Structure formats: structure tokens, C-alpha cells
Amino acid sequence: MFDHDDLPSEHALRYLKAHLRNVPDFPKPGILFKDITPLLADPRAFHITLDLLAQRFIGEHIDVVVGVESRGFIFGGALAARLNASFVPVRKPGKLPAKADRVAYALEYGEAELEMHLDSIPNGASVLIVDDLLATGGTAAAAAQLTQRQGGKVSGFAFVVELDFLGGRQRLAETPAARGARVYSIVHLSAGE
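Everything numeric in this text was worked out from a predicted model, so none of it was measured.

Glancing now at the environment of Pro89. Tracing the chain through its elements places Pro89 in strand β4 (residues 86-90). For the pair Pro89 and Val66, spaced 23 residues apart in sequence, the C-alpha separation works out to 5.8 Å. Setting aside anything within four residues of it in sequence, one finds Pro89 in contact with Gly67, Phe73, Leu96, Glu115 and Met116.

In this fold, Leu107 is placed in strand β5 (residues 100-107). Spatially, the C-alpha atoms of Leu107 and Thr136 are 7.3 Å apart, while their sequence positions differ by 29 residues. For Leu107, the contacting residues outside a window of four places in its chain are Ala112 and Thr139.

Taken as a whole and assessed by the stated rule, the structure comprises 10 salt bridges. Glu113 serves as the salt-bridge partner of Arg102, at 3.3 Å between the closest nitrogen and oxygen. Of this pair, Arg102 sits in strand β5 while Glu113 sits in strand β6 (residues 110-117), and the two are 11 residues apart along the sequence. Classification of Arg102 by relative accessible area gives partly exposed; the value is 40%.

Definitions and limits used
Residues numbered from 1 in each chain as written. Predicted model: local features only at pLDDT ≥ 70, side-chain atom pairs only at ≥ 80, totals over all residues. Heavy atoms only, no water. Helix = DSSP H or I, 4+ residues; strand = E, 2+ residues; numbered from the N terminus. Contact = heavy atoms within 4.5 Å. Salt bridge = Lys/Arg side-chain N within 4 Å of Asp/Glu carboxyl O. Buried < 20%, exposed > 50% of the residue type's maximum accessible area, 1.4 Å probe, protein only.

Here it is, written out as C-alpha cells:
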């Protein structure tokens, strides 16, 4: 048996890292934003990313992929199709047309809220939460809380990039709605990268 976290080759990781762009002082001064749009603009990089995400979760019986607004939609929808799972968007307040549940949470640079439709996840469904980046874990933890309140079980989290120095993985491990869920990130970055 192989360790799924060892799947990306060094060549693939270098290629994907080369397609990430640092944007200083966005969305506010002092924040160094990791921009994935160059990765999305390169078909090969985007394809490699989706392959690595799908490969990790094939055979794990994922019923629902939850994508977090907005970049989580890009990867989550494509991943749901590859895993033959349904796709559920988690959105900012006021964006969903039907009755929704809402949760407030803290970000590394402020506060925010997320919503999910009340009828979006079947009771007992195995759920994979997808986003582009894991920083402090607040957004992913909020998505897990919404998933649990809908009756789903968070089986895993998938991220393209993880900022290891911000402790998001640990926060998810300590989040009751996410307890026991595996966290998979393709690219790991340390402070200053």
C-alpha cells in the first residue's frame, strides 16, 4: 500500500508551484495573497491539479463534494464530476436562492459568513470539502459545520495549496464537525515561500 500524500512527484510540485503568484497587500495591507489564476490559465497545470485531487479520493466513496466560494467551485465541480459525486456550493450570504443555513467564522484578516442550502446534503452522506487554499482553517471549519448540520459526515478536505505555518490543519483536527476527516493538500508552503 502506498501513502497517498506521497503521490505528487517533485516535478509535478515544482510545476504547480511555478504557477502560483504572490500578490502583496491583498485583500488588505500586510497579507501576501497566493493567487492560483496562473495555474488555472495553464491547461497542463490545471489538469495535473485535478488529477492529483481525484487520484487521492478515488475509491473512498464520496457522495457529495462541497466547494467553498469562490475558487473552491472551480476545483470542486470538476472533482465532483470525476468522483461521480454531487456538488454543493457553500456561498457568501445572500447568494443562494432557496432557504439556507448560515454560520459566522473568523478569517486571518477579519470575519465572514457562509451559507448552504438546507436540503443540499442527504443524511449520512460522505462529504469531501474542497477549496483552493488552507490557511488558518476558518473557512473550511465553517463549511464542515454547515455540512454536519445538514446531516453529512465530513470524510475529507482537499486543497490545492496549504500554508503550513498558519496551522489550518491543526484547527481542522480540533473542529468537532471535522474530527477524523483526512486533510489532503497538494502544494505545501512554509513562511516566506
